[in-house]
Amino acid sequence: MHKIDIDLVEMTMDVMKYTIDRVSATKSKIGKPQKAEELKKLVGETVTPKGVGGEYAFKMWRKHLAKATVPIDHPRHLAFVPASPTRAAIMFDLITSASSIHGAYWMEGAGGIFCENEAMSWIVSLTGLPEGAFGVFTSGGTAANLSAIVTAREHWRENEAFKNQKGLIITSIGAHSSIKAMAKVADVDILLVDTEDVLTGEELQNCIDNLTESQRKRLFAVVATGGTTNAGIIDDLHSIGAICNTQNLWFHVDAAYGGGALVADSVRHLFNGIEKADSITIDPHKWMFSPYDCGAVIYRNPDLAKKAHAQEGSYLEIFKDEGAHGFNPTDYQIQLTRRVRGLPLWFSLATHGTNRYKEAVERGLELAQIAGKLIANKPHVELVREPSLSCVLYRRIGWKPEDYREWTYENHRKGFALVTPTKWRTTSGFETVSRFCFINPDTTEADIEAILNSMV
Ligand SMILES: *Cc1c(COP(=O)(O)O)cnc(C)c1O
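Residues numbered from 1 in each chain as written. Predicted model: local features only at pLDDT ≥ 70, side-chain atom pairs only at ≥ 80, totals over all residues. Heavy atoms only, no water.

Asks: How should I be thinking about the overall build of the protein in this particular structure?
Replies: When helices and strands are tallied, the protein shows 17 helices and eleven strands. Its C-alpha atoms give the protein a radius of gyration of 23 Å, within 12% of the compact-globule value 23 Å for 456 residues. If you line up the protein on its principal axes, its C-alpha atoms span 70 × 65 × 45 Å. Taken over 456 residues, the protein has a buried fraction of 51%. Pairs at least 24 residues apart make up 72% of the contacts formed inside the protein by residues separated by at least 6 positions. Looking at the protein as shown, the accessible area adds up to about 21,300 Å², and 54% of this sits on carbon and sulfur atoms. (Helix = DSSP H or I, 4+ residues; strand = E, 2+ residues; numbered from the N terminus. Rg over C-alpha atoms; globule rule 2.2 N^0.38 Å. Buried < 20%, exposed > 50% of the residue type's maximum accessible area, 1.4 Å probe, protein only. Contact = heavy atoms within 4.5 Å. Areas by Shrake-Rupley, 256 points an atom, 1.4 Å probe, with all protein chains shown as cover.)

Asks: What's the story with the side chain of N117 in this structure? I'm lost.
Replies: Mapped onto the fold, N117 is located in helix α5 (residues 106-127). Dropping the residues within four chain positions of it, N117 is found in contact with W106, F134 and F327.

Asks: Even after reading the chapter, I still don't get unusual backbone geometry, so can you show me in this structure?
Replies: Excluding glycine, residues mostly carry a negative phi; peptide bonds, for their part, are mostly trans. Of the consecutive residues Y292 and D293, the connecting peptide bond is found in the cis state with omega at -15°. Take D293: it is sitting in the loop between α11 (284-287) and β7 (295-299). A positive phi angle is found at F80, which is not glycine, with a value near 50°. Relative to the assigned elements, F80 resides in the loop between α3 (54-65) and α4 (87-98). Using a relative accessible area of 52% as the deciding quantity, one classes F80 as exposed. You will see that N248, though not glycine, has its phi angle at about 60°, which is positive.

Asks: Is there a simple way to explain the pairing of strand β11 (residues 429-437) in this structure?
Replies: Examined bridge by bridge, strand β9 (residues 391-396) and β11 share four bridges and lie antiparallel to one another. The partner of V392 across the bridge, within β11, is F436. Here six bridges tie strand β10 (residues 421-426) to β11, and the two strands are oriented antiparallel to one another. By the bridge assignment, K423 is partnered in β11 with T432. Hairpin connection of β10 to β11: two residues between the antiparallel strands. (Pairing = 2+ DSSP bridges.)

Asks: In this structure, what is going on with the site of the ligand? I would like to understand it.
Replies: Not every one of the 13 residues close to the ligand is listed here, only the nearest: G141, T142, D254, D283 and K286. A distance of 2.8 Å separates an oxygen atom of the ligand from a polar atom in the backbone of G141. H285 has a polar side-chain atom sitting 2.9 Å from an oxygen atom of the ligand. If the ligand stood free it would expose 380 Å²; the protein chains cover 86% of that surface. Elements represented by at least two residues in the shell around the ligand include exactly α6 (141-157) and α11. Per-element tally for the shell around the ligand: the top contributor is α6, with three residues. Split by residue class, the shell around the ligand holds two nonpolar, eight polar and three charged. (Near = heavy atom within 4 Å. Polar contact = N/O pair within 3.5 Å; in protein donor to acceptor, adjacent residues only side chain to side chain. Nonpolar A, V, L, I, M, F, W, Y, C, P; charged D, E, K, R; others polar.)

Asks: Help me understand the packing of aromatic side chains in this model?
Replies: Within a pair of aromatic rings, the relevant descriptors are the distance that separates the centres and the angle that separates the planes. For the structure on display, the rule yields 15 aromatic pairs. Consider the rings of F134 and F327, whose centres lie 5.5 Å apart with planes at 85°: the pair is edge-to-face. Placement of F134 in strand β1 (residues 134-138) and of F327 in the loop between α13 (317-323) and α14 (343-352) is noted, with a sequence separation of 193 residues between them. Residue class for F327 comes out buried when judged on its relative accessible area of 17%. (Phe/Tyr/Trp six-rings, centres within 6.5 Å; stacked < 30°, edge-to-face > 60°.)

Asks: Can you help me understand empty space enclosed by the protein in this one?
Replies: Empty space among the atoms becomes apparent when a probe as large as a water molecule is rolled across them. Here the structure, examined in full by the defined rule, presents three cavities of 30 Å³ or more. Considering only enclosed or pocket space, the largest cavity measures out at about 50 Å³ in volume. In terms of lining, the largest cavity is formed by H176, T225, G227, T229, D254, A255, A256, Y257 and K286. Grouping the amino acids of the lining of the largest cavity by side-chain chemistry returns three nonpolar, four polar and two charged. (1 Å grid on protein atoms, 1.4 Å probe; cavity = no way out; pocket = protein on both sides within 12 Å on 5 of 7 lines; lining within 4 Å. Points joined across faces, edges and corners; volume = space filled by probe spheres on them.)

Asks: Is there a simple way to explain the environment of G342 in this structure?
Replies: Within the element layout of this structure, G342 appears in the loop between α13 and α14. For G342, a relative accessible area of 0% puts it in the buried group. Placed 128 residues apart in sequence, G342 and S214 show a C-alpha to C-alpha distance of 42 Å. Contacts of G342, omitting those with residues within four sequence positions, involve E116, F137 and C294.

Asks: Got a minute to help me understand the sheet that holds β9 in this structure?
Replies: Strands in a sheet are paired, the pairing made by backbone hydrogen bonds, and the direction either parallel or antiparallel. The sheet built from four strands is open, its strands ordered β8-β9-β11-β10 with antiparallel pairing. Looking along the sheet, the strands with just one partner apiece sit at the ends: β8 (381-383) and β10. Across this sheet, the average inter-strand angle for adjacent strands is 50°, counted without regard to direction. On the sheet, helix α16 (residues 401-413) packs against β9, β10 and β11 and is oriented at approximately 25° with respect to β11. (Axes fitted to C-alpha atoms, helices over the stretch in contact; angles between N-to-C directions.)

Asks: Can you walk me through the nonpolar core in this structure?
Replies: If you look at soluble globular proteins, the nonpolar side chains tend to sit buried side by side. Within the largest apolar cluster, 89 residues are counted, with the highest numbers of intra-cluster contacts made by I123, I169, I170, W287 and L389. Examining the composition of this core, we find that eight residues originate from one element, α5, more than from any other. Among all residues touching W287, those that are not within four sequence positions of it are Y257, G258, G260, A261, V361, G364, L365, L389, S390, F438 and I439. Listed in part, the 20 residues of the second largest apolar core include L78, A371, V419 and M455. (Core = buried A, V, L, I, M, F, W, Y, C linked by side-chain atoms within 4.5 Å.)

Right, here's the structure in full:
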């Protein structure tokens, strides 16, 4: 046993050293994937009856496997929606693991859930939802969207008339793929308004007016997007919310990416109307600087979520009795056993204060404006549309889709940058264009300049 303890201390030190190196590295390369067969050749058999030993396994991780991953927080990782967890949050993610907290019920997780709820109260305060609104942390935006859609559907089906009906939701083609995917999981039909630009109340009303009688009966929810993933576009939440309120439709706002910008004074007005929502999705692992994975779903009336999601079981009753003294996160989303994944966010908020979050998000918005100006001033590139939130769509004049693809792979191979192409609809069809999404406040103007110059 003594020997094992010494090994354990050594391994702990190694892990801490690796962690410190990792979070303080400023000039790391962007890793690139390798084929599974190549990785297997490099590391050999690692899961064996006797084990290969922690030292060897960790060495293989450092030497080969870590390098085959892309650190999403690299300042020149501007693809998809990147992330940039704070060091405080990363360190507390280690604490979250080390503390073995079961985050389903207050009875077991009280201290951790208390912290999560402190962070959640701040997030809820950004939305402007009325007193009583509250939320829980989920594994991500997809799980948050599913939890909200199921809550909405169960609430709708409380009405006997709809008991056996298949529900219908309306959103736009700008909505995230997870809305369509989760509609499938919840077995509800989905109708897409044909716009990738701002969805307006007028367009929504037109769509509703064109429904058949049976479709109108089955319509129970509308999903608007608070910052589309592709272009950072915020739907007209005010007019959409008004329609939902008067026509008794559940109003869900998917702000998984854009929700972080609620803290930024410069763009907060673009979200006006979000306070009319019945539910909202926000991903702290996107623009709230949390490590993976951490999403959030917020409800105007959390009791409706509880009715939809609370699990029953003879072995669970004890939690409900004692746990009734506090908040049970499992009751408000699809998971039972859960990590207290809001805990790293809480520590980071407590460490830095919310003003620092405001500044960091404003910097992402500013970087998009800076990129827009640089693009306008260079002859070989042009903006496809004005930057929206922290997304910038632009074209390299004269490039075909394969040129964008080759350029992306070349930058990735070199470990220089990860910037991926996307598609944007113009009058002549879908055009392949280049896209930046800024999250990391440490991205510099020189980074953007270098990336644009690599397209000459
Ligand atoms: C990223 C994103 C999602 C999905 O969130 P995950 O955390 O990846 O599950 C949903 N909606 C929008 C608008 C997003 O940007």
